[in-house]
Amino acid sequence: MNLTLRIWRQKGPEDKGQMVTYQVEDVSPDMSFLEMLDVLNERLILAGDDPVAFDHDCREGICGMCGLMINGDAHGPQRGTTACQLHMRQFKDGETIDIEPWRARAFPVIKDLVVNRNAFDKIIAAGGYITAPTGSAPEAHSTPVAKANADAAFESAACIGCGACVAACPNGSGMLFTAAKLTQLSLLPQGQPERYTRVIGMVDAHDEAGFGGCTNAGECTSVCPKGIPLNTIGRLNRDYLQATAKGAGNTPGA
C-alpha cells in the first residue's frame, strides 16, 4: 500500500503546530498502525529529520498509551480497538490519513502526537483508591457480592485510561473515565466506607483539571476501546447527588 499521511507536528508545548504531509510506500496491510509509523520514523531518521513523537508501550491494547486521532476518530475507524491494535488493512491503497493528538484543554500537547494526561492522575489521587485496612485475603465467598454488581464493577475496571472519551467528547469531558474509576469501587464492599467522599473528591478534581461538563452526547462510549457504557456516568451522578445530600464533601469520613 502507498499512503499519504498528514501528521500534526509541534516541537513543544509553546510552539505553533501544523499538519505536515509525508508519503509512505510499501506498507503491508498486516502492519499495525504504530508499526506503520515506525516505518515512517525510520525513514525520517535515515534522512536526518526529526521522527514523529507518539506515545506507545505495550502495543497489546491494554495500557492505554496509544492515543491518536485518526481521520477524526479517536483510535481510528475500527470500534473497540486501540490504535496499536488497528491494522492497515482497515485503509485503502492511495488513501490520505490525518493523524492528530488528543484535542482537549486538559490534555496539552507536549510534542507532535504526545499529550500530557497527568490530569487523569489528579482524578485518581483525589479518591480512586481504598484506604480502609482490609487485612489478609478473605476466604472465597465470605463476603457475598451480587453478580450484577460484580459484572458492572469488572466492566468498569476494564478502563485503560487512554483518554479517547475526552478526545471524542464535544465538551472535552473526562466523566466516563471518572465514572469508570468510581464504579469499580462503589459497587464492591471494600469501597463502601469512602463511597461518598470519593465521588465528591474525584468530581471536584475532574472539574479543577480543566475537563468540560458532561451533556450526555454519548461520543465517549462510541470510541471507548473497552466498551464502557454510558450508564456508568448515570451511576456517578446518582452517587454524587446522594453524597451532596449527605454533606459528604464537608464532613470528613462521611
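Residues numbered from 1 in each chain as written. Predicted model: local features only at pLDDT ≥ 70, side-chain atom pairs only at ≥ 80, totals over all residues. Heavy atoms only, no water.

As annotated in an unreviewed UniProt entry, the protein chain carries the name Fumarate reductase iron-sulfur subunit and is attributed to Micromonospora vulcania. The UniProt entry for the protein chain carries the following text under Catalytic activity (unreviewed entry): "a menaquinone + succinate = a menaquinol + fumarate". The record in UniProt for the protein chain states the following under Sequence similarities (unreviewed entry): "Belongs to the succinate dehydrogenase/fumarate reductase iron-sulfur protein family." (UniProt positions renumbered as here; feature names shortened; annotations may be inferred.)

Engineer: Would you explain helix α5 (residues 175-186) in this entry?
Structural biologist: Along an α-helix, residues three or four apart share an orientation, since each turn contains 3.6 residues. In this model, α5 (twelve residues) spans 16 Å end to end at C-alpha, consistent with the 16 Å of a helix rising 1.5 Å per residue. Of all twelve residues that make up α5, eleven are buried, and the element is covered over most of its length. Of the positions making up α5, those classed as buried are M175, L176, F177, T178, A179, A180, K181, L182, T183, L185 and S186. For α5, the elements touching its buried residues are α2 (118-125), α3 (147-157), α4 (164-168), α6 (195-208), α7 (219-223) and α8 (231-246). (Helix = DSSP H or I, 4+ residues; strand = E, 2+ residues; numbered from the N terminus. Expected span 1.5 Å × (residues − 1). Buried < 20%, exposed > 50% of the residue type's maximum accessible area, 1.4 Å probe, protein only. Contact = heavy atoms within 4.5 Å.)

Engineer: Just to check I follow, could you spell out α6 for this structure?
Structural biologist: Look at α6: 20 Å from first C-alpha to last across 14 residues, which is about the 20 Å you get at 1.5 Å a residue. Residues of α6 that are buried: R195, Y196, R198, V199, I200, G201, M202, V203, A205 and H206. Considering only its buried residues, α6 is in contact with α2, α5 and α8.

Engineer: I keep staring at the nonpolar core and nothing clicks. Help me out?
Structural biologist: Among the nonpolar cores identified, the biggest contains 40 residues, and W102, F107 and F211 are the most heavily contacted of them. Of all elements in the fold, only α2, α4, α5, α6, α7 and α8 reach the threshold of two or more residues within this core. With residues up to four places along the chain from it excluded, the contact list for W102 reads G67, L68, M69, A74, H75, F107, V115, R117, C162, G163, A164 and A167. Listed in part, the 27 residues of the second largest apolar core include Y22, V27, F33 and L44. (Core = buried A, V, L, I, M, F, W, Y, C linked by side-chain atoms within 4.5 Å.)

Engineer: What is the right way to read unusual backbone geometry from this model?
Structural biologist: Across residues other than glycine, the phi torsion is negative in most instances, and most of the peptide bonds are trans. In this model, R59 sits at a positive phi of 60 degrees, which is unusual for a non-glycine residue. Topologically, R59 is positioned in the loop between α1 (33-46) and β3 (69-70). For R59, a relative accessible area of 23% gives the class partly exposed. Not every positive phi belongs to a glycine, and N216 is a case in point at roughly 60 degrees. With respect to the secondary-structure elements, N216 resides in the loop between α6 and α7. A residue is classified by how much of its surface remains accessible, and N216, at 51% relative accessible area, is exposed.

Engineer: Hey, could you run me through the sheet that holds strand β1 (residues 3-9) in this one?
Structural biologist: Strands in a sheet are paired, the pairing made by backbone hydrogen bonds, and the direction either parallel or antiparallel. Taking strand neighbours across the sheet as the criterion, the five strands line up as β2-β1-β5-β3-β4 in an open arrangement whose pairing is mixed. Among the strands making up the open sheet, the edge pair consists of β2 (18-24) and β4 (73-74). Both β1 and β2 contribute to a ladder of seven bridges, which runs antiparallel. The residue of β2 that forms the bridge with L5 is Y22. The sheet contacts of α1 involve β1, β2, β3 and β5 (96-100), and relative to β1 the element is tilted by about 80 degrees. (Pairing = 2+ DSSP bridges. Axes fitted to C-alpha atoms, helices over the stretch in contact; angles between N-to-C directions.)

Engineer: Honestly, empty space enclosed by the protein in this entry has me stumped. Any pointers?
Structural biologist: Over the atoms rolls a probe the size of a water molecule, and its path tells where empty space is left. As enumerated under the stated definition, the model contains three cavities of 30 Å³ or more in all. The computed volume of the largest cavity comes to approximately 110 Å³. As for the largest cavity, its lining consists of 16 residues, of which C159, G161, C162, C165 and C224 are closest to the centre. A per-element tally of the lining of the largest cavity places α5 first, with three residues. For the lining of the largest cavity, the per-class residue count stands at 13 nonpolar, two polar and one charged. Taken together, 14 residues form the lining of the second largest cavity, with C169, S173, C214, C220 and I233 sitting closest to its centre. Elements represented by at least two residues in the lining of the second largest cavity include exactly α5 and α7. Taken together, the residues that form the lining of the second largest cavity break down as nine nonpolar, four polar and one charged. (1 Å grid on protein atoms, 1.4 Å probe; cavity = no way out; pocket = protein on both sides within 12 Å on 5 of 7 lines; lining within 4 Å. Points joined across faces, edges and corners; volume = space filled by probe spheres on them. Nonpolar A, V, L, I, M, F, W, Y, C, P; charged D, E, K, R; others polar.)

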